[in-house]
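Residues per chain are reported as follows:
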Amino acid sequence: MDRTVIPIKTPAGLAELGARQRGVSQRHRTMLLLVDGKRTEAQVRALSAQAGVPAICFDELVGLGLIAAPPQPAAPPVVARVHIGSPPPPADGNSDFGDDSELPASRTLPPESIFSDTALGSGASTSWPQTEPEDNPTGDDALERAREMLLRAVRIEAPVAGSLTIFRLRRARTRVELEQLIEEVAARIGKPPHSLVAEQTLRRVRNVLDGRDTSPAPL
């Protein structure tokens with residue numbers, strides 16, 4: 001037994017202290033009493049030597065099965081790890097990492113996150129856009145002026161809550177599509193104390209789309 005190991009009494013050793021079934025000597029009993037589950041073997045031997053107990057008594061108690069080393073915990077299993085950027089497994093499916101790879105199969109990955117447009121009260125779920133649409137002018141000056149006015153109003157009054165609305169405004173390609181977003185913009189910017197400014201802005205946007213306002217949009 002390794003002398004740095006902390007020995008313990010076995011059930012037979014505990015029974016011996018109470019019933020003296022084995023009839024061991026007093027020296028053996030002294031050595032057995034010093035085994036308390038806290039002292040190392042070296043410490044037990046040193047203390048017993050001070051009490052006049054020979055070191056051979058320890059080995060004899062081990063041989064009698066009255067003291068033993070505590071059971072050692074099992075070693076944790078080794079799990080193969082796969083890091084992002086590792087080469088793909090061979091075509092025959094026999095990966096170098098075996099079947100214990102921690103990366104989930106592509107079919108088990110969760111779906112992309114879903115944005116719920118609850119601020120508009122529609123309750124419809126919309127996939128959040130990964131990137132904003134590219135700015136491709138439509139060639140319709142009135143449409144572009146009205147779009148810029150609506151974008152400017154949302155960016156000023158609701159830059160965070162209106163992110164999805166901004167995306168939809170930039171994606172609109174016709175006057176009809178843009179007109180359908182006016183009520184959505186109103187819901188974003190029409191709350192007090194900005195209701196009057198919002199009403200004026202939306203009125204002018206409608207006039208621009210109808211061709212009744214040809215003045216340049218404010219910067």
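Each chain carries its own residue numbering, running from 1 in the direction its sequence is written. Reporting in this predicted model follows two pLDDT cut-offs: at least 70 for local features of residues, and 80 or more for side-chain atom pairs to be given and counted; totals over whole chains, interfaces and linings ignore these cut-offs and use all residues. In computing side-chain values, all of the structure's heavy atoms are included and hydrogens and water are not.

1. Some details on the packing of helix α8 (residues 182-189) against helix α9 (residues 195-210)
Selection criterion: Here an axis means a line fitted to C-alpha atoms, over the contact stretch when the element is a helix, while the angle between two N-to-C directions is reported on a 0 to 180 degree scale. A run of H or I in DSSP counts as a helix once it spans at least four residues, and a run of E counts as a strand once it spans at least two, with each numbered from the N terminus. In these notes the angle categories are as follows: under 35 degrees is roughly parallel, over 145 is roughly antiparallel, 65 to 115 is roughly perpendicular, and the rest is oblique. Note on convention: the crossing is left-handed when the near helix lies turned anticlockwise from the far helix by less than a right angle, right-handed when the turn is clockwise. We call two residues in contact whenever any of their non-hydrogen atoms come within 4.5 Å of each other. Residues were grouped as follows: Ala, Val, Leu, Ile, Met, Phe, Trp, Tyr, Cys and Pro as nonpolar; Asp, Glu, Lys and Arg as charged; and all remaining residues, including Gly, as polar.
Viewed as axis vectors pointing N to C, α8 and α9 meet at an angle of 165°, and their least axial separation amounts to 10 Å. In terms of their interaxial angle, α8 and α9 are classed as roughly antiparallel. Remark: the crossing between α8 and α9 carries right-handed chirality. The segment α8 lies against α9, with Ile182, Glu183, Val185, Ala186 and Ile189 engaging Ala198, Leu202, Val205, Arg206 and Leu209. Among the residues making up the contact of α8 with α9, the classes are represented as eight nonpolar, no polar and two charged.

2. Overview of the side chain of Arg45
As a reminder, the rule being used: Buried, partly exposed and exposed residues are distinguished by accessible area as a fraction of the type maximum, computed with a 1.4 Å probe on protein chains only: under 20%, between the cut-offs, and over 50%, respectively. What qualifies as a polar contact is a pair of N or O atoms within 3.5 Å, subject to a donor-acceptor requirement within protein and to the restriction that residues adjacent in sequence count only when both atoms come from side chains.
Positionally, Arg45 belongs in helix α3 (residues 41-50). According to the relative accessible area criterion, Arg45 is buried, its value standing at 10%. Looking at Arg45, its side chain comes within polar contact range of the main-chain oxygen of Ala55, at 3.3 Å. Sequence-distant contacts of Arg45, defined by excluding residues within four places in its chain, comprise Arg3, Ala55, Phe58 and Asp59.

3. Considering the confidence of the model for the protein
Worth spelling out the cut-off: Confidence scores labelled pLDDT are given residue by residue by the predictor and lie between 0 and 100.
With 68% of its residues at a pLDDT of 70 or more, the protein shows a mean pLDDT of 75. Scored below 50 in pLDDT, residues 112-132 shows 32 contacts in the model against residues more than four places distant or in partner chains.

4. A short note on the pattern of salt bridges
Using the following cut-off: Each salt bridge in this description consists of a side-chain nitrogen of Lys or Arg and a carboxyl oxygen of Asp or Glu lying within 4 Å of one another.
Tallied over the full model, the rule gives nine salt bridges. As a salt-bridge pair, Arg168 and Glu184 come within 3.0 Å of each other at their nearest N and O atoms. Separated by 16 residues along the polypeptide, Arg168 in helix α6 (residues 163-171) and Glu184 in helix α8 bring together distant segments of the chain. A relative accessible area of 17% means that Arg168 is categorised as buried. Relative accessible area serves as the criterion here: at 11%, Glu184 is assigned to the buried category.

5. Quick look at α3
As a reminder, the rule being used: Note that the arc is defined by the directions from the helix axis to the C-beta atoms.
Within α3, burial applies to Glu41, Val44, Arg45 and Ser48. The arc enclosing the buried residues of α3, seen along the axis, measures out at 95°, which places them on a common side. Considering only its buried residues, α3 is in contact with α2 (26-34) and α4 (56-63). Taken from the residues just after α3, Gly52 is the one with a positive phi, measuring 85°.

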